[in-house]
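This is what each chain is made of:
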Amino acid sequence: MLKKFWNSLNKKNDNTNEEIVEKDDLKAEEENLENANKDEDINANDMNEDDKEVIEEESIVESVEENIEENTEENTEESTLNDNIEAEKIEEVSLNQAEPDMDEEQPQKNLGFFAKLKEGLSKTTQNLTGKLDELFKGHIEIDEELYEEIEEILITGDVGFETTLKIVDMLRKNVKKKSIQDVNDVREELKLIVEEILSGDDSNLKLEPKPAILVIVGVNGVGKTTSIGKIAMRLKSEGKSVLLAAGDTFRAAAAEQLEVWADRAGVELIKHQEGSDPSAVIFDAISGAKARNTDVLICDTAGRLHNKKNLMQELAKIFRIIDREYPEATKEVLLVIDATTGQNAINQVKIFKEAAPLTGIILTKLDGTAKGGVVLSIKSEQQLPIKLIGVGEKIEDLQDFNAKDFAKALFS
């Protein structure tokens, strides 16, 4: 009986154990299934994260490619319309160009020009004459120390060593000759000497007799094209017929930039394909000027070359063609100088004088520099007249150079 009970109990335990095992197996399977599901979820999440990263990477790549295309277009536009910008400047020039008021009296107009000149020279005035004023206020006697300090101020004001010595030597002689005793009178005498050095009968553009040809030379970035555009608009407003020649065939989109100015000025432009022979452009432009009976032909030239050709040789070739094909024309060869370069401008003048028969200087960006004293060095050491000066971005800010007004504005 007991054995039967025991067997029955064992059989029950076996069944229980089997049930437990089955439950455990079932539980294990459920756990495995759950873990498998979790693994699948994790893998799915990983896949989603990978997909997201791929999508994000593709999005970034597309964005970068778009930015590259945009930057390429922007760079192309910048090279097309130039720094340092040029398209905005041109637009600003167009918008700010003032129509002349026929009812306005001439003295008022001249006063406006002088005020603009004075404003444009403000940085140079602070650097140069501002220091001179402080010097004169601190001196009672006219002695050698005064002359030495004047020399130092002029040299540091980018007047140049040789020109400074010339000015101070003239100042000593004039002070002695005129028996000047008051230090304040020395300042006035210094202004007169500056005016004397800058003066000359050849400071005005020579456009008569007609026809006339202006050849504009200079390194890239100094403002050649902008100066040509302003001159063209000015001459057109004076009733002259003007033709432009895009002789800078080496700088990317230089012709297109000049074409913008030609359109705004309402004048014609002669151009060839980029990289073509600059001399051929000038030759065709001269032929066009003759055929149209043009009053003034303005020629742009290269500031640098992309190949190994010598820039000066190319310029010399252009002038040989001009002399041969247009000998009857009144000729002006103007070197454009960036005033912010200071005494480096003298080196540019020396180099270009070797290849081009320079007749004058266009000095740009005077409003953005304290180195306007270089005007004195150019005129005194290189014996070249300053024809035009740029004291702003507007059309009227490219002014005829007037030695008396310049000295007055500088020392005012």
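For clarity, every value in this text was computed on a predicted model and none was experimentally measured.

Which parts of the structure should I look at to understand the overall build of the protein chain?
The helix and strand tally for the protein chain stands at 15 helices and 8 strands. When burial is assessed residue by residue, the protein chain has 43% of its 412 residues classed as buried. For the protein chain, the exposed surface amounts to about 22,600 Å²; the carbon and sulfur share of it is 48%.

What is the right way to read the pairing of strand β6 (residues 360-364) from this model?
When a strand is regular, its side chains alternate between the sheet's two faces. In terms of burial, β6 is a largely internal element, 5 of the 5 residues being buried. Neither face of β6 is left uncovered, since the one carrying Gly360, Ile362 and Thr364 and the one carrying Ile361 and Leu363 both have all their residues buried. Following the backbone out of strand β5 (residues 330-338), through helix α13 (residues 344-355) and into the adjacent parallel β6, one traces a crossover that is right-handed. As paired strands, β6 and strand β7 (residues 386-390) are joined by 3 bridges and run parallel to one another. Looking across to β7, one finds that Leu363 is bridged to Ile389. Since β6 and β7 lie parallel, the crossover through helix α14 (residues 374-382) that links them has a hand, and here it is right-handed.

Would you take a moment to explain the side chain of Thr225 for this structure?
Tracing the sequence through the fold places Thr225 in helix α9 (residues 224-237). Setting aside its immediate chain neighbours within four residues, Thr225 contacts Arg251, Gln257, Leu258, Trp261 and Asp300.

Is there a simple way to explain a nonpolar patch on the surface in this structure?
Judged by side-chain polarity, Ile155, Phe161 and Leu165 come together as a nonpolar surface patch covering roughly 280 Å² of accessible area. Along the chain, Leu165 falls in helix α7 (residues 161-177).

Would you mind going over the confidence of the model for the protein chain with me for this structure?
Parts of the model with low pLDDT should not have their predicted coordinates read in detail. Put simply, the protein chain has an average pLDDT of 76, and 71% of its residues get 70 or more. Overall, residues 1-29 carries pLDDT values under 50, and its contacts beyond four positions in sequence, including any with other chains, amount to 0 contacts. Within the model, the stretch residues 36-111 combines pLDDT values under 50 with 33 contacts to residues more than four positions away or in other chains.

Please clarify how the nonpolar core should be interpreted in this entry.
One broad rule of soluble globular proteins: the nonpolar side chains tend to lie buried together. Within the largest apolar cluster, 76 residues are counted, with the highest numbers of intra-cluster contacts made by Ile150, Leu297, Leu363, Ile389 and Phe406. Broken down by element, this core gets its largest block of residues, 7 residues, from helix α8 (residues 183-198). Those residues in contact with Ile389 that lie beyond four places of it in its chain are Leu117, Leu363, Leu366, Asp397, Leu398, Gln399, Phe401 and Phe406. In this structure, Leu207, Ile228, Ile298 and Leu388 belong to the second largest nonpolar core, which totals 29 residues.

What should I look at first to understand the side chain of Glu195 in this one?
Relative to the helices and strands, Glu195 is located in helix α8. Despite its burial, Glu195 remains without a salt bridge, the nearest opposite charge being carried by Lys404 at 5.4 Å. Not counting the four nearest positions on each side in its chain, Glu195 is found in contact with Ala403, Lys404 and Ala407.

How do you make sense of α13 when you look at a structure like this?
Since there are 3.6 residues in each turn of an α-helix, residues three or four apart along the chain are aligned in direction. Buried within α13 are the following residues: Ala345, Ile346, Gln348, Val349, Phe352 and Ala355. Check the buried side of α13 and you find it contacts β1 (212-217), α12 (311-325), β5, β6 and α14.

Which parts of the structure should I look at to understand helix α15 (residues 403-411)?
Within the span of α15, buried status applies to Ala403, Phe406, Ala407, Ala409, Leu410 and Phe411. Capping of α15 at its N-terminal end is provided by Asn402; its side-chain oxygen lies 3.1 Å from the backbone amide nitrogen of Lys404.

It is not clear to me how the packing of aromatic side chains should be interpreted in this structure. Could you clarify?
Think of a pair of aromatic rings as described by two things: how far the centres are apart, and how the planes are tilted against each other in angle. Scanning the entire structure with this criterion turns up 1 aromatic pair. Where Phe401 meets Phe406, the ring centres are 5.3 Å apart and the plane angle is 50 degrees; that geometry is what we call tilted. Across the pair, exposure class does not vary: Phe401 and Phe406 are buried alike.

Got a minute to help me understand the sheet that holds β5 in this structure?
Remark on secondary structure: sheet strands pair via backbone hydrogen bonds, oriented parallel or antiparallel. Here 8 strands make up an open sheet; going across it, the order is β3-β2-β4-β1-β5-β6-β7-β8 and the pairing mixed. Strands with a single pairing partner mark the edges of an open sheet, and in this sheet they are β3 (268-270) and β8 (398-400). When strand polarity is set aside, the average angle formed by the axes of neighbouring strands in this sheet is 25 degrees. Pairing between β5 and β6: 5 bridges, direction parallel.

Conventions and cut-offs
- Residues numbered from 1 in each chain as written.
- Predicted model: local features only at pLDDT ≥ 70, side-chain atom pairs only at ≥ 80, totals over all residues.
- Heavy atoms only, no water.
- Helix = DSSP H or I, 4+ residues; strand = E, 2+ residues; numbered from the N terminus.
- Buried < 20%, exposed > 50% of the residue type's maximum accessible area, 1.4 Å probe, protein only.
- Areas by Shrake-Rupley, 256 points an atom, 1.4 Å probe, with all protein chains shown as cover.
- Right-handed = clockwise from strand over helix to strand, strands pointing away.
- Pairing = 2+ DSSP bridges.
- Contact = heavy atoms within 4.5 Å.
- Patch = residues over 30% accessible without salt bridge, like charges linked within 9 Å, V, L, I, M, F, W, Y side chains within 5 Å.
- Salt bridge = Lys/Arg side-chain N within 4 Å of Asp/Glu carboxyl O.
- pLDDT = per-residue confidence, 0-100.
- Core = buried A, V, L, I, M, F, W, Y, C linked by side-chain atoms within 4.5 Å.
- Lys, Arg positive; Asp, Glu negative; His and termini not counted.
- Polar contact = N/O pair within 3.5 Å; in protein donor to acceptor, adjacent residues only side chain to side chain.
- Phe/Tyr/Trp six-rings, centres within 6.5 Å; stacked < 30°, edge-to-face > 60°.
- Axes fitted to C-alpha atoms, helices over the stretch in contact; angles between N-to-C directions.

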